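Below, each chain spelled out in residue letters.
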Amino acid sequence: MSDIILETRGLTKRYGGVHALEDANFTLRRGEHIAVVGDNGAGKSTFVRQITAVEQRTAGEVFFDGQAVNFAGPLEARESGIETVFQNLALADDLDVPSNLYLGREIIKFNLGPFSILDRKAMRVATQKALDTTAVRIPNLSNPIRNMSGGQRQCVAIARAAAFASKLIIMDEPTAALGVQETGQVENIIRGLKARGVPLILISHNLRQVFDLVDRIVVFRRGRIVASLRREETDGNDIVSYITGVKGGEGARA
Amino acid sequence: MTATVTATAGRPARPPEMNVFLGLLGIALVFEVLGWIFIGQSFVFNLQRLQIIILQVSIVGIIAVGVTQVIITGGIDLSSGSVVGATAMIAMSFAQVSDNARAVYPALTDLPVIVPIAVALLCGLLAGAANGALIAYTKIPPFIATLGMMVAARGISKWYTKGQPVSFPTDSYAAIGAGLNPVLLFIVIAVLFHLALNYTLYGKHTYAIGSNAEAARISGIKVERHLVMVYAIAGMLAGTAALILSSKNLTAQAGMGVMYELDAIAMAVIGGVSLAGGRGSILGTALGMLIFGVIISGFTFLRIDAYYQEMIKGVIIVVAVVADVARQKRRARMV
């Protein structure tokens, strides 16, 4: 079996005349953590939306786990093992932590079709376990998410992805809205994923964080991948010159 | 800042139903005191009065159980009153006795009671499903879709017999809404949907959609299908209310159920169901219903004009919504 978990070839997305993503060639190996960096509008989120099928690509191919895939929507992507932590938290604010973790994949005690009886206890126990593995501390699981801090909410979103991701996690700026302490907590979760060998694509503006956490850094600029560098062979200034276009010119293979 | 947030997250909040319950007690207490002062008797400690209080609101209460679920998804249902009217007319026309010279279908009289019951449930279900399908698949606002159904269904109820009332039901049909049956049926329905909302997939998804429809969709919940189901259930409950109401009155008229939709919405809102969606409970709505009943009975008890009843009802509805908005603002500040 190939050690490549995700590969894109010539991935392209255009919105009308706008070339949001052009000819992106990208590979991710098993267990590898990759950061995707770039200026606002460079195509990072667009790239992720094509992989997770939140949007349908204009051209190109995506290979996941050794097979060419054509997900019809985010649900299919999720069912095949790709979990995404979206920039705008995909949480239901009025539900408690277990309900959010198991949203759309509830554990059923007794099957009655749409009126199936939920196994609330099992979900609660499993939620506590998932939070423990990701070292997330939530004081009261049965409180609605609405009453929690931004950091706690983000941790729930990440714990949810981590609990179910069998093959790949994608995080779109997971710490953008968080304080220092909360950011640290999220970074610890990411380190835990690395230790468990779960591959990760991390979109981030925070270069300090990127250098702390990942193996490889992929730079987007104006819808193209302009650099793909191992962490050891580059530094902050180098990355910044790729982001701003001082280096890199037209394109590179990731 | 952080400390306060953590503290709040750690303490289970007081359920909003508690506030509604205290409101109910407060209002009852006011009538009790006024009763002793002006009438010279107790308001609350009168079994007959308590029965009447519950009886006169339980039919609208059944509608409110359905409307509660609709509002929890973030929607609204303005059609239930008109659906009651249309369904009552149609169901009653299949429940008439044969010695009635002016039966709507002279060939279809003395039918077993299951026929009008099935007809009523089906009518409500179809009207509700039409609402839900319009909202889910054309993405028009629930307000508009159900407003259309409200006008159209009222049209149907007038057109069906060209304005003539439909009367003389069979004995078995008349038995449906007799005595305290409306109350018993309300309790059964309320308990059933309380369980459904709290312990089943249906309830979980209903709250999830009202809380964050996009998150629900991304999580794999079939949002459109679920909305059709919720509105269809609300319609079916309106149909049930029509059945009970026409049976209790022994007649169906084109103007039946006028304003019921607003009373039902008001019961839910007074009971703490948030118009923003995602929050509320059947228990809250049931308490809101009792507040309604207490106010109506209280005014009658104090021999105050019905005009004032409506004015006070209006004020209470607005106060309930203001309280809900204030609650949301407080939460928004906290996070």
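Numbering of residues starts from 1 in every chain and runs along the sequence as written. Both sets of labels track the order of writing: A upward for chains, 1 upward for ligands. With pLDDT at 70 or above as the cut-off, local features in this predicted model cover only qualifying residues; side-chain atom pairs require 80 or more to be listed or tallied, and sums for whole chains, interfaces and linings still use all residues. Here the side-chain values reflect all heavy atoms present in the structure, with hydrogen atoms and water set aside.

Caption draft 1: Looking closely at the overall build of chain A. Put simply, DSSP marks the helices as runs of H or I at least four residues long and the strands as runs of E at least two long, and each gets a number from the N terminus on. A count of helical and extended segments in chain A gives 8 helices and 12 strands. To get the radius of gyration, use the C-alpha atoms; to get the globule rule, take the number of residues to the power 0.38 and multiply by 2.2 Å. Its C-alpha atoms give chain A a radius of gyration of 19 Å, near enough to 18 Å, the size a compact globule of 254 residues would have. Accessibility here uses a 1.4 Å probe with only protein chains present; expressed as a share of the type maximum, an area under 20% marks a residue as buried, one over 50% as exposed, and anything in between as partly exposed. Per-residue burial for chain A yields a buried fraction of 56% across its 254 residues. Residue contacts are counted whenever heavy atoms from the two residues lie within 4.5 Å of one another. A separation of at least 24 residues holds for 65% of the contacts in chain A among residues at least 6 apart in sequence. Accessible area for chain A stands at about 10,900 Å²; split by element, carbon and sulfur atoms hold 49% of it. Per-residue and other accessible areas follow the Shrake-Rupley method at a 1.4 Å probe size, with only the shown protein chains counted as cover for residues.

Caption draft 2: Examining the pairing of strand S12 (residues 224–230) of chain A more closely. Residues and elements named next belong to chain A. Buried residues dominate S12, accounting for 5 of its 7 residues. Pairs of strands are assigned from DSSP output, requiring at least two bridges between the strands. Bridge count between strand S11 (residues 216–221) and S12: 6 bridges; the pairing is antiparallel. Bridging from a neighbouring strand, valine 218 pairs with serine 228 of S12. Joining the antiparallel neighbours S11 and S12 is a turn of 2 residues, in which arginine 222 adopts a positive phi near 50 degrees.

Caption draft 3: Focus on the sheet that holds S11(A). All names here are of chain A. With respect to topology, 6 strands assemble into an open sheet ordered S6-S9-S10-S3-S11-S12, the strand pairing being mixed. Each edge of the open sheet is held by one strand with a lone partner, namely strand S6 (82–85) and S12. Averaged over all neighbouring strand pairs, the angle between strand axes comes to 15 degrees, with direction disregarded. Note that S6 and strand S9 (residues 168–172) share 4 bridges and pair parallel. Every axis in this analysis is a line fitted to C-alpha atoms, fitted for helices over the stretch in contact. Angles between the N-to-C directions lie between 0 and 180 degrees.

Caption draft 4: The interface of chain B and chain A, seen in detail. Across the contact, 34 residues belong to chain B and 31 residues belong to chain A. The junction of chain B with chain A conceals about 2,700 Å² of combined surface from both sides, 62% of it contributed by carbon and sulfur atoms. Salt bridge criterion: a side-chain nitrogen from Lys or Arg within 4 Å of a carboxyl oxygen from Asp or Glu. For the pair chain B and chain A, the number of links is 1 salt bridge. Where B:Arg279 meets A:Asp94, a salt bridge forms, and the shortest distance between an N and an O atom there is 3.2 Å. Computed with a 1.4 Å rolling probe, the buried area is the accessible surface lost when two parts are put together, summed over both parts.

Caption draft 5: Structural detail: the nonpolar core. Residues belong to one nonpolar core when they are buried, are Ala, Val, Leu, Ile, Met, Phe, Trp, Tyr or Cys, and are joined through side-chain atoms within 4.5 Å. One finds B:Val65 and B:Phe193 to be the most contacted residues of the largest nonpolar core, which totals 93 residues. With 14 residues, the top contributor of residues to this core is helix H11 (residues 223–249) of chain B. Each residue touching B:Phe193, except ones within four places of it in the same chain, is listed here: B:Val65, B:Gln69, B:Ile233, B:Leu237 and B:Ile282. Listed in part, the 47 residues of the second largest apolar core include A:Leu101, A:Ile138, A:Met148 and B:Leu201.

Caption draft 6: Broad picture of helix H12 (residues 260–270) of chain B. Residue and element names in this part refer to chain B. By the criterion of burial, H12 is predominantly enclosed, with 9 of the 11 residues buried. Buried within H12 are the following residues: Glu261, Asp263, Ala264, Ile265, Ala266, Met267, Ala268, Val269 and Ile270. Looking at the residues trailing H12, positive phi occurs at glycine 272, about 90 degrees.

Caption draft 7: Here's a closer look at empty space enclosed by the protein. Cavities and pockets were defined on a 1 Å grid built over protein atoms only: a cavity is a set of grid points that admits a 1.4 Å probe from which the probe cannot escape, a pocket is an open set flanked by protein on both sides within 12 Å along at least five of seven lines, and lining residues are those with an atom within 4 Å of any such point. Grid points are joined across faces, edges and corners, and a volume is the space filled by probe spheres set on the points. Throughout the structure, instances matching the rule amount to 2 cavities of 30 Å³ or more. Roughly 160 Å³ of volume is contained in the largest cavity. Lining of the largest cavity is provided by 14 residues; of these, A:Glu83, A:Thr84, A:Phe86, A:Arg160 and B:Ile218 occupy positions nearest its centre. Every element with two or more residues in the lining of the largest cavity is listed here: helix H2 (74–79), S6 and helix H5 (150–164) of chain A. The dominant element in the lining of the largest cavity, judged by the number of residues it contributes, is S6(A), at 4 residues. When residue character is reported, Ala, Val, Leu, Ile, Met, Phe, Trp, Tyr, Cys and Pro are called nonpolar, Asp, Glu, Lys and Arg charged, and the others, Gly included, polar. In terms of residue class, the lining of the largest cavity is built from 9 nonpolar, 2 polar and 3 charged.

Caption draft 8: How the structure looks around the side chain of A:Ser204. All names here are of chain A. By secondary structure assignment, the location of serine 204 is in the loop between strand S10 (200–203) and helix H7 (207–213). Counted as a polar contact is a pair of N or O atoms within 3.5 Å, where, for protein atoms, one must be capable of donating a hydrogen and the other of accepting one, and residues adjacent in sequence contribute only when both atoms are in side chains. Here the side chain of serine 204 touches glutamine 209 through a polar contact of 2.8 Å, side chain to side chain. If sequence neighbours within four positions are ignored, serine 204 has contacts with Val36, Val37, Gln209 and Val210.

Caption draft 9: Examining the packing of aromatic side chains more closely. Residues and elements named next belong to chain B. The criterion for an aromatic pair is that two Phe, Tyr or Trp rings (for Trp, the six-membered ring) have centres within 6.5 Å, with stacked assigned to planes under 30 degrees apart, edge-to-face to planes over 60 apart and tilted to the rest. Counted according to the given criterion, the structure contains 10 aromatic pairs over all chains. Both rings, one in phenylalanine 31 and one in phenylalanine 43, keep their centres 5.4 Å apart while their planes meet at 45 degrees; by these two values the pair is tilted. In this pair, phenylalanine 31 is assigned in helix H2 (residues 16–39) and phenylalanine 43 in the loop between H2 and helix H3 (47–72), connecting sequence segments 12 residues apart. Aromatic side chains tyrosine 105 and tyrosine 160 sit 6.5 Å apart centroid to centroid with 70 degrees between the ring planes, which places their arrangement in the edge-to-face category.

Caption draft 10: Here's a closer look at the pattern of salt bridges. Counting across every chain of the model gives 20 salt bridges over all chains. Of the charged contacts, one joins A:Arg14 and A:Glu22 as a salt bridge, the two residues approaching to 3.3 Å between their closest N and O atoms. Salt bridges sharing common partners tie together B:Lys139, B:Glu214, B:Arg217 and B:Glu224.

Caption draft 11: Summary view of unusual backbone geometry. The backbone phi angle of A:Glu173 is positive, close to 45 degrees, even though this residue is not glycine. Structurally, the position occupied by A:Glu173 is in the loop between S9 and helix H6 (180–196). Notably, B:Phe168 is not glycine yet its phi reads approximately 60 degrees, a positive angle. By the element assignment, B:Phe168 lies in the loop between strand S1 (166–167) and helix H7 (171–176). B:Phe168 gets classed as exposed once you look at its relative accessible area, which sits at 52%.

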